[in-house]
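The primary structure of each chain is shown beneath.
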Amino acid sequence: MQPDTIVLVHGFWVTPRAWEGWIAHYESRGFRVIAPSYPGFEVEVEALHADPAPIETVTVPAIISSLEKLITGLNQPPIVMGHSAGGVFTQILLDRGLGAAGVVINSAPAEGVLAVPLSQIRSLFPVLKNPANRHRAVGLDLGQWRYAFANTFPEDQARATYERYHIPAPGSIVWSSAQANLRPGRTDTYVDFRNADRAPLLFLSGEHDHLMPPKVQKSNAKLYKAESTTTEVKAFPGRSHLMPVQDGWQEIADYALDWALAHS
């Protein structure tokens, strides 16, 4: 039986609002679509700007726990899709046996991915430049947003997406992810790359993504060693990090769903 539900996991610096087009698109194809917020993020973008406390205190274990509870409460395993930080959370969920298939879009890296392109460092510098940001919710200005999220967007569209979607990100998680390969033991973004029981996984990347470039996606995918399950990578030309709202996103949404249905 093919999945009838799609779970869309958002990334950082945005909320589930970034999935608004995908929700309607997939519902029009007959699917139940759930785009959950992270714990404490169940308010609008404007409210999180006014009070960023939930952003400052959210943790990866709390996010994964909330997603696990959602997915295990469904009648059958869903297709799970994650963007950016939501991509690594999707990898963790699949590693734990949750989901019929997974698609990650410009995914943040799991622990063990060593590729760190210069554009990624520049994109994350607003957070990493100050250790005190570990305890803060850190936003981007318009120029930083355009470089990291919308570098191939027309200027007016980059500004419009900034005004509609941007929120601060949890500095603690960004810092922890950046140091994941420097600390002993397993971190919050650990996955078992040799897990033979993991559901099929597709990495989608944007050719010109600065924040999570194709090199990061390819490096992450290559770490998966189990031959009994499927791991594939596809790059879309001319795309930035914010692919879910970039012009032509319907092509990506359809490719992601058709792939997941074919492999679930």
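Presented here is a report on the structure given in the accompanying data block. None of the values given here were measured: they were computed from a predicted structure.

Moving on, we come to the pattern of salt bridges. Taken as a whole and assessed by the stated rule, the structure comprises seven salt bridges. The partner of glutamate 46 in a salt bridge is arginine 17, and the shortest N-O contact between them spans 3.3 Å. With a gap of 29 residues between them, glutamate 46 in helix α2 (residues 45–50) and arginine 17 in the loop between β1 (5–9) and α1 (20–28) connect regions that are remote in the sequence. What makes glutamate 46 partly exposed here is its relative accessible area of 48%. Residue arginine 96 pairs with glutamate 68 through a salt bridge whose shortest N-O separation is 3.1 Å. Note that arginine 96 is positioned in the loop between α5 (85–95) and β4 (101–105) and glutamate 68 in helix α4 (residues 60–72), a separation of 28 residues in sequence. What makes glutamate 68 partly exposed here is its relative accessible area of 23%. Within the structure, one salt-bridge network assembled from shared partners comprises Arg17, Glu44 and Glu46.

This paragraph deals with the sheet that holds strand β3 (residues 79–83). In spatial order, the strands read β2-β1-β3-β4-β7-β8; together these six strands make up an open sheet with parallel pairing. Two strands lie at the open edges of the sheet, namely β2 (32–34) and β8 (231–236), each paired on one side alone. Strand-to-strand twist across the sheet, computed as the mean angle between neighbouring axes with direction ignored, equals 15°. Where strand β7 (residues 201–206) lies against β8, six bridges are found, and the strand directions are parallel. Across the sheet, residue serine 205 finds its bridge partner in β8, namely alanine 235. Where α1 meets the sheet, it contacts β1, β2, β3 and β4, and its direction lies at approximately 170° from that of β1.

With that settled, the discussion passes to the packing of aromatic side chains. Under the defined criterion, the tally for this structure stands at 13 aromatic pairs. Between the aromatic rings of tyrosine 38 and phenylalanine 89, the centroid separation amounts to 5.8 Å while the plane-to-plane angle is 75°, which identifies the pairing as edge-to-face. Of this pair, tyrosine 38 sits in the loop between β2 and α2 while phenylalanine 89 sits in helix α5, and the two are 51 residues apart along the sequence. Take phenylalanine 89: its relative accessible area is 1%, and that puts it in the buried class. Members of the aromatic cluster, each reached through a chain of ring pairs, are Phe12, Tyr38, Phe41 and Phe89. Here the basic side chain of arginine 134 rests over the ring of tryptophan 175, its NZ or CZ set 4.3 Å away from the ring centre.

Reading the values: rules and limits
Residues numbered from 1 in each chain as written. Predicted model: local features only at pLDDT ≥ 70, side-chain atom pairs only at ≥ 80, totals over all residues. Heavy atoms only, no water. Salt bridge = Lys/Arg side-chain N within 4 Å of Asp/Glu carboxyl O. Helix = DSSP H or I, 4+ residues; strand = E, 2+ residues; numbered from the N terminus. Buried < 20%, exposed > 50% of the residue type's maximum accessible area, 1.4 Å probe, protein only. Pairing = 2+ DSSP bridges. Axes fitted to C-alpha atoms, helices over the stretch in contact; angles between N-to-C directions. Contact = heavy atoms within 4.5 Å. Phe/Tyr/Trp six-rings, centres within 6.5 Å; stacked < 30°, edge-to-face > 60°. Lys NZ or Arg CZ within 6 Å of the ring centre and 35° of its normal.

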